[in-house]
Amino acid sequence: MGAGIAQLGVQAGIETWLHDPFPEALERGEGYVRKYAEDAASAHLHLAQRLEDLAGCELVIEAAPERASLKSNLFAQLSEACGPGTVLATNTSSILVTSLAGAAAEPDHVVGMHFFNPPPLMKLLEVIAAEQTGDHALAVARATGEAMGKQVIVANDGPGFLVNRCGRPFGAESLRLLQERVATHEQIDRIVRLGGGFRMGPFELMDLVGIDVGFEVAKSFDAQSFGEPRWKPSPLQARKVAAGTLGRKSGSGWYEYAEDGSYRPDDPPALEPGGGDGERVAIDGSGALAQELRERANQAGFDARAPEDFGGSDEPELIVDASVPAPAGDLGALDGGPPLVAVCADRSLAARGDPTAAGFHLLPPLEGAKLVELTRLPTTPEATARAAQRFFTRCGFHHEWVGDAPGLVLGRIVAQLVNEAAFAVGEGVGAPADVDAGLELGLAHPRGPVAWGGAIGFDHVLAQVDGLWDDLRDPRYRAAPVLRRGGAHGWPQPT
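Being a predicted model, the structure only gives us computed values, none of them experimental.

**Some thoughts on the side chain of Ser174**
- The topology assignment puts Ser174 in helix α7 (residues 163–179).
- For Ser174, the contacting residues outside a window of four places in its chain are Pro169, Ile188, Pro202, Phe203 and Ile413.

**Thoughts on the sheet that holds strand β7 (residues 151–156)**
- Strand order in the open sheet formed by five strands is β3-β4-β5-β6-β7, with mixed pairing between adjacent strands. This sheet does not close on itself; its edge strands, each paired only once, are β3 (59–62) and β7. Strand-to-strand twist across the sheet, computed as the mean angle between neighbouring axes with direction ignored, equals 30°.
- When strand β6 (residues 124–129) meets β7, the two strands line up parallel, connected through six bridges.

**A few points about helix α12 (residues 288–299)**
- A rise of 1.5 Å per residue sets the reference length of α12, with its twelve residues, at 16 Å; its end C-alpha atoms lie 16 Å apart and thus fit the reference within 8%.
- Taken residue by residue, α12 has Leu289, Ala290, Leu293, Arg294, Arg296 and Ala297 as its buried positions. Buried residues of α12 fall within an arc of 165° about the axis and therefore sit on the same side. Opposite the packed face of α12, turned more than 90 degrees from it, sit the exposed residues Glu295 and Gln299.
- Looking at the buried positions of α12, the neighbouring elements they touch are β8 (280–284), β9 (303–305), β10 (318–321), β11 (340–343), β12 (358–361) and α14 (382–394).
- Positive phi shows up at Gly301, right after α12, with a value of about 100°.

**Structural notes on the sheet that holds β9**
- Overall, mixed pairing links the seven strands, which are arranged β9-β8-β10-β11-β12-β13-β14 in an open sheet. Both outer strands of the open sheet, β9 and β14 (398–401), are each paired with one neighbouring strand and no more. Going across the sheet, the axis of each strand differs from the next one's by a mean of 25°, ignoring polarity.
- Bridge analysis of strand β13 (residues 371–376) against β14 gives four bridges, and the strand direction is parallel. From the neighbouring strand, Val372 faces β14, where its bridge partner is His399.
- Along the sheet, α12 makes contact with β8, β9, β10, β11 and β12, crossing β8 at roughly 165°.

**Describing the nonpolar core**
- The biggest cluster of nonpolar side chains holds 65 residues, and the ones touching the most others in it are Ile188, Trp254, Val409, Leu483 and Trp491.
- For this core, the leading source of residues is helix α15 (residues 410–426), giving eleven residues.
- Not counting residues up to four positions away in its chain, the partners in contact with Leu483 are Asn419, Ala422, Phe458, Val461, Leu462, Val465, Trp491 and Pro494.
- Counting residues in each nonpolar core, the second largest holds 30 residues, with Leu289, Ala290, Val343 and Phe360 among its members.

**Considering the pairing of strand β1 (residues 16–19)**
- Along β1, the buried face is formed by Thr16 and Leu18; none of Trp17 and His19, which line the opposite face, is buried.
- Bridge analysis of β1 against strand β2 (residues 45–48) gives four bridges, and the strand direction is parallel. By the bridge assignment for β2, Leu18 is matched with Leu47.

**Structural notes on the pattern of salt bridges**
- Per the stated rule, a full pass over the model turns up 30 salt bridges.
- Arg165 is the salt-bridge partner of Glu427, the closest N and O atoms lying 2.9 Å from each other. On the criterion of sequence distance, the pair formed by Glu427 in the loop between α15 and α16 (432–442) and Arg165 in helix α7 is long-range, its members being 262 residues apart.
- The class of Arg165 is buried, set by a relative accessible area of 4%.
- Linking Asp303 and Arg305 is a salt bridge whose minimum nitrogen-to-oxygen distance equals 2.8 Å.
- With relative accessibility at 24%, the residue Asp303 sits in the partly exposed group.

**A closer look at α14**
- Its 13 residues give α14 an end-to-end C-alpha distance of 18 Å, which sits within 8% of 18 Å, the value for a rise of 1.5 Å per residue.
- Gly396 sits one or two residues past α14 and shows a positive phi near 95°.

**Observations regarding unusual backbone geometry**
- In this structure, the amide linkage connecting Val324 to the following residue, Pro325, adopts the cis form with an omega of 0°.
- Relative to the elements of secondary structure, Pro325 occurs in the loop between β10 and β11.
- The amide bond that connects Pro364 to the next residue, Pro365, takes the cis arrangement and shows omega of 0°.
- For Pro365, the location among the structural elements is in the loop between β12 and β13.

**Topic: the packing of aromatic side chains**
- For the coordinates displayed, the defined rule picks out twelve aromatic pairs.
- Between Phe203 and Trp254, the ring centres sit 5.0 Å apart and the planes meet at 75°, which makes this aromatic pair edge-to-face. Residue Phe203 is located in helix α9 (residues 202–209), and its partner Trp254 is located in the loop between α11 (235–243) and β8; the two are separated by 51 residues in the primary sequence.
- For Phe203, a relative accessible area of 0% puts it in the buried group.
- Consider the rings of Phe360 and Phe392, whose centres lie 5.0 Å apart with planes at 40°: the pair is tilted. Residue Phe360 is found in strand β12, and its partner Phe392 is found in helix α14; the two are separated by 32 residues along the sequence.
- For Phe392, a relative accessible area of 1% corresponds to the buried category.
- Among the aromatic residues, those joined into a cluster by ring pairs are Phe302, Phe360, Phe391, Phe392 and Phe397.
- Here Arg230 stacks its cationic end above the ring of Phe423, 3.8 Å away from the centre of that ring.
- Taking the ring centre of Trp452 as reference, the NZ or CZ of Arg447 above it sits at 4.4 Å.

**Quick look at the packing of helix α8 (residues 185–196) against α9**
- Their axes nearest at 7 Å, the elements α8 and α9 cross at an angle of 105°. Compared by their axis directions, α8 and α9 come out roughly perpendicular. Note on element contacts: α9 touches α8 through Pro202, Phe203 and Glu204, opposite His185, Ile188, Asp189, Val192 and Arg193.
- Of the residues in the contact of α8 with α9, the class split is four nonpolar, one polar and three charged.

Rules and cut-offs
Residues numbered from 1 in each chain as written. Predicted model: local features only at pLDDT ≥ 70, side-chain atom pairs only at ≥ 80, totals over all residues. Heavy atoms only, no water. Helix = DSSP H or I, 4+ residues; strand = E, 2+ residues; numbered from the N terminus. Contact = heavy atoms within 4.5 Å. Pairing = 2+ DSSP bridges. Axes fitted to C-alpha atoms, helices over the stretch in contact; angles between N-to-C directions. Expected span 1.5 Å × (residues − 1). Buried < 20%, exposed > 50% of the residue type's maximum accessible area, 1.4 Å probe, protein only. Arc of directions from axis to C-beta. Core = buried A, V, L, I, M, F, W, Y, C linked by side-chain atoms within 4.5 Å. Salt bridge = Lys/Arg side-chain N within 4 Å of Asp/Glu carboxyl O. Phe/Tyr/Trp six-rings, centres within 6.5 Å; stacked < 30°, edge-to-face > 60°. Lys NZ or Arg CZ within 6 Å of the ring centre and 35° of its normal. Parallel < 35°, antiparallel > 145°, perpendicular 65-115°, else oblique. Nonpolar A, V, L, I, M, F, W, Y, C, P; charged D, E, K, R; others polar.

See the structure below:
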C-alpha cells in the first residue's frame, strides 16, 4: 500500500520521500516504485532512512499496519520529526481518525486519506475529516488526491467512514439470508452476479479478503457503534474463523479451492428472449418493474398487457402481479383461473394471501438482469411453478429457486444498501453523489445505492424495508428517516 501511494506521488510529479523503519522493506518499496513508474517519474522518488528525513514535507501519509496504538505512536513521532505546519494523513480503513489526531502535536493538521487497494489502479480517494481536522489539512489532502488523478470524496469521521460503511450490507445481509436458509451461499453469489450485475458475489468476496479479516472488521463496527443492530457480527463468521477455514489463503472458506485457484463453474451466457408465441399475459402494476417486465415480455413474443386491457373472451393465460407495494388483502385469484405469479418485494409470498401462487423477484433496470429468483409454497401447484419458470425463461432469464421471504435475495441486499446509504447521508457522513461514487469506484458495485434507489423507485425500496421489519421485527430493518421523508440532505423524496 505504501509503495503504491508513493508510485502515485512520483507519477504526479510530486517530490516523494519513502520511509520504512526496516531497511529490507524500504528496499522492496523502492524496487516496486521504480519498476512500475516511468524512468522520468521515478526521478521524483527519494528514500528517507529516518523519520527526521521527512522534515520539510508538506504532507506525510502513513500506511502502517491497522493497529491504533502503532499509528498513534507514529503520529506523535512525526509531529516531533517534521515540526509545525506539516499535514499528517492516515491511510486507515477502519480506525477513527479522531482517535489518532489527538496523538499529534497539531490535531487540526491530521486528516484521513483512505486509498483503495491497489492504489495505482483504483480511481477513488476517500478523504476523512476528524473532529479536529482544519480546512487547510482537508484542502491539502484533496489537492494531492486530485493531482494523483483520483476522484476525491469527503466523508466525516465514523465507523467505516462512507464507503466501507455503506457497503457493509452487501456481506452482512447475505450472511443473514444464509443463516435464515433462504438460499445457499452458492445461490446468493449467483443471484448477485447474474441478477444484480456485481462482478463477484458476497461470499466470494469474503473468501478473497479473508473471513477472519471480515470478522474483525465486523467486531470493530459493532464496538465503535455501541451495538448498532445493522452492524452486528454473524455467528457464521465466528464458526468459520474458529474452524480455520478463512478463505483463499487457507484453501477453504465458503468455497473449496483447487490448486489452480478454481472454485466454481463459470456463469452461463445470457439467454435471448423468445418463444412467447403470442401467449396472453396480464402484468399488473404501475411502477418501473411492471413497465419494464411488460416490455421484456413483448420483446419475447408474448402478448403482455395490463389487466384492464383484457376483457370479454380475450382473457389472459397467465397473470403476473408486479405491484409494489402489494395490494391490501389477498390476491383475489379465482378458482380455475390462470396461474398467478406474484412479486415478493414488500412481503413474502405467504403473506400475499394466495396459497396457489408462485413468487418471483427482479430489480429494475432489467436491461442487465440475467436471472430471476423464484419461490413457491408447499401448496403451490406444480403446474403454476412450471408456468412461472417457463415464462421467465422465455423472457430471457436464468432462474434460481429460493426460500420465501420479503425481497427474496437480491431485493433484500440492495434495499439494505440503499437504506444504509440513507442513514449515512442523514447523519451527515457524506453526500448522496459521494456515496454512489464511493461504492462504484471503491467497491466496484455496478451502481451506487442512490442510483439503485432511483432505478427501482424509492417508494419500492421503502416498502421493501418496511416489509422486512413487518416480517422479522428486527431493529436492523428499521427505515432510515431520510429514506422515509426524503427532501432533506438532497436525498430524493419517495413518491
